[in-house]
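# Structural description and commentary
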Amino acid sequence: QVTLKESGPVLVKPTETLTLTCTVSGFSLSNARMGVSWIRQPPGKALEWLAHIFSNDEKSYSTSLKSRLAISKDTSKSQVVLTMTNMDPVDTATYYCARICSSTSCYNYWGQGTLVTVSS
Amino acid sequence: DIQMTQSPSTLSASVGDRVTITCRASQSISSWLAWYQQKPGKAPKLLIYKASSLESGVPSRFSGSGSGTEFTLTISSLQPDDFATYYCQHNRTFGQGTKLEIK
C-alpha cells in the first residue's frame, strides 16, 4: 500500500525557513525512475508545482521560486525534504507531496497535505 | 512555460447530467495530460492520465479525450459524489480549476 505523509511546522514567521518532510511507504525512493514532487495550494486557490526529485537525484524547481527552494532525499529513511527560505505570508498554503507516475507525467499518490501559515 | 487554461471556472449541473470540462494548452502537449478531482480539505485524486486512460478504480462515467492543445473531461451521468473541483495538469503546470456545483 503506497502512502505519503507530510510533516512540519504549522506556523512559521515571516523571513524564517520552512522545512517539510515527506515520509513514504509502500515503495522505495531508490526504485528506477521513482520521483516525488512537492505541490502547494493557497487557501481557495489552484495547485502550484514547487519541485521534484528522482531516484537518480535529478532535481528540478519552480522557475519563480528556484532561489528559495531546496529538495533532497534520504532513501534509507524513505523521506523527501523540502526547504523554503525567506517565508512570506503569501506562502501560506497546504503543502502536498505526491508520487510521480512511472512514465506518464502525472501524480498517482498524494499525501494528505499539511497547512502552513506564515504569520508573525 | 506551457500555460493550461480550463473552462468554465464554475459549472452548475444536476444529478444525472452529462458535463464536459475543457482544458487548453498554450502549445501542443501531445497526449501528456492528466485530470484530478479534489474535494474540500482533501488531496487531489488522479482520474485520467495520458489524456484518455482511466486510473484504476475510477468509475467509468469519467472519460477524457483530446490531444495537442485541446482536451476534455466528461462525466457521463453526474452522481452526488462528483460535485468537486477538477484540475487538468501537464508536467509542472496545473489549470486553474473548475468547480462543479449542484444546480
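Use the structure listed above.
Residues numbered from 1 in each chain as written. Chains lettered and ligands numbered in written order. Predicted model: local features only at pLDDT ≥ 70, side-chain atom pairs only at ≥ 80, totals over all residues. Heavy atoms only, no water.

The next subject is the overall build of chain A. When you go through chain A residue by residue, the secondary structure sums to zero helices and eleven strands. The N-to-C order of helical and strand elements in chain A reads β-β-β-β-β-β-β-β-β-β-β. Since a compact globule built from 120 residues should have a radius of gyration of about 14 Å, the 14 Å found for chain A is in line with a globular shape. Principal-axis analysis of the C-alpha atoms places the extent of chain A at approximately 40 × 25 × 25 Å. Counting across all 120 residues of chain A, residues that qualify as buried make up 51%. Long-range contacts, defined here as pairs at least 24 residues apart, represent 53% of the contacts in chain A between residues at least 6 apart. By element, 49% of the accessible surface of chain A is carried by carbon and sulfur atoms, the whole surface being about 5500 Å². For chain A, the distance from the average position of its 11 positive side-chain charges to the average position of its 8 negative side-chain charges is 3 Å. (Helix = DSSP H or I, 4+ residues; strand = E, 2+ residues; numbered from the N terminus. Rg over C-alpha atoms; globule rule 2.2 N^0.38 Å. Buried < 20%, exposed > 50% of the residue type's maximum accessible area, 1.4 Å probe, protein only. Contact = heavy atoms within 4.5 Å. Areas by Shrake-Rupley, 256 points an atom, 1.4 Å probe, with all protein chains shown as cover. Lys, Arg positive; Asp, Glu negative; His and termini not counted. Charge placed at Lys NZ, Arg CZ, Asp CG, Glu CD.)

Moving on to the state of the cysteines. Residues and elements named next belong to chain A. For the coordinates displayed, the defined rule picks out three disulfides over all chains. Shown here is the disulfide that connects Cys-22 with Cys-97, its sulfur atoms set 2.1 Å apart. With the S-S bond torsion at 75°, the cross-link from Cys-22 to Cys-97 turns out right-handed. One end of the pair, Cys-22, is in strand β3 (residues 18-25); the other, Cys-97, is in strand β9 (residues 93-100), with 75 residues separating them in the sequence. Take Cys-22 and Cys-97: they sit in the same class, and that class is buried. Here Cys-101 is linked by a disulfide to Cys-106, with a sulfur-sulfur distance of 1.9 Å. Because the sign of the S-S torsion sets the handedness, a value of about -110° for the bond joining Cys-101 and Cys-106 places this disulfide among the left-handed ones. Comparing Cys-101 with Cys-106 shows no difference in burial state: the two are buried. (Disulfide = S-S within 2.5 Å.)

Examined against the element boundaries, Val58(B) turns out to sit in the loop between β6 (53-54) and β7 (62-67). Val58(B) sits 51 residues away from Ser7(B) along the chain, and the two C-alpha atoms are 22 Å apart.

Here the focus is the pattern of salt bridges. For side chains of opposite charge, pairing can occur when their charged atoms come near one another. Evaluated as defined, the whole model comprises nine salt bridges over all chains. For the salt bridge of Lys39(B) with Asp81(B), the shortest nitrogen-to-oxygen distance reads 2.2 Å. Linking Lys39(B) in the loop between β4 (34-38) and β5 (45-49) with Asp81(B) in the loop between β8 (70-75) and β9 (85-90), this pair joins segments that are 42 residues apart in sequence. Residue classification places Lys39(B) among the partly exposed residues on the basis of a relative accessible area of 25%. A salt bridge links Lys99(B) to Glu101(B); the shortest N-O distance between them is 3.9 Å. Residue class for Lys99(B) comes out partly exposed when judged on its relative accessible area of 45%. One salt-bridge network, in which partners are shared between bridges, spans Arg40(A), Glu48(A), Arg68(A) and Asp91(A). (Salt bridge = Lys/Arg side-chain N within 4 Å of Asp/Glu carboxyl O.)

A few words now on unusual backbone geometry. Omega for the peptide link from Ser7(B) to Pro8(B) comes to -5°, which places this bond in the cis form. For Pro8(B), the location among the structural elements is in the loop between β1 (4-7) and β2 (10-13). Non-glycine residue Thr15(A) carries a positive phi angle of around 80°. By the element assignment, Thr15(A) lies in the loop between β2 (11-12) and β3. Phi at Arg33(A) takes a positive value of approximately 60°, unusual for a residue other than glycine.

Each side of the interface is counted separately: chain B has 19 residues, and chain A has 20 residues. Of all residues in chain B, the largest losses of buried area upon contact with chain A belong to Pro44(B), Arg92(B) and Phe94(B), amounting jointly to 37% of the total for that side. Inspection of the chain B/chain A interface yields zero salt bridges. Counting the contacts that link chain B with chain A gives nine residue pairs in polar contact (both at pLDDT 80 or more). Sorting the residues of the side of chain B that touches chain A by element identifies β4, β5 and β9 of chain B as the ones contributing at least two each. For the side of chain B that touches chain A, the element with the highest residue contribution is β4(B), accounting for three residues. Here the side of chain B that touches chain A is built from residues that sort into nine nonpolar, five polar and five charged. (Buried area = accessible area lost by both parts, 1.4 Å probe. Polar contact = N/O pair within 3.5 Å; in protein donor to acceptor, adjacent residues only side chain to side chain. Nonpolar A, V, L, I, M, F, W, Y, C, P; charged D, E, K, R; others polar.)

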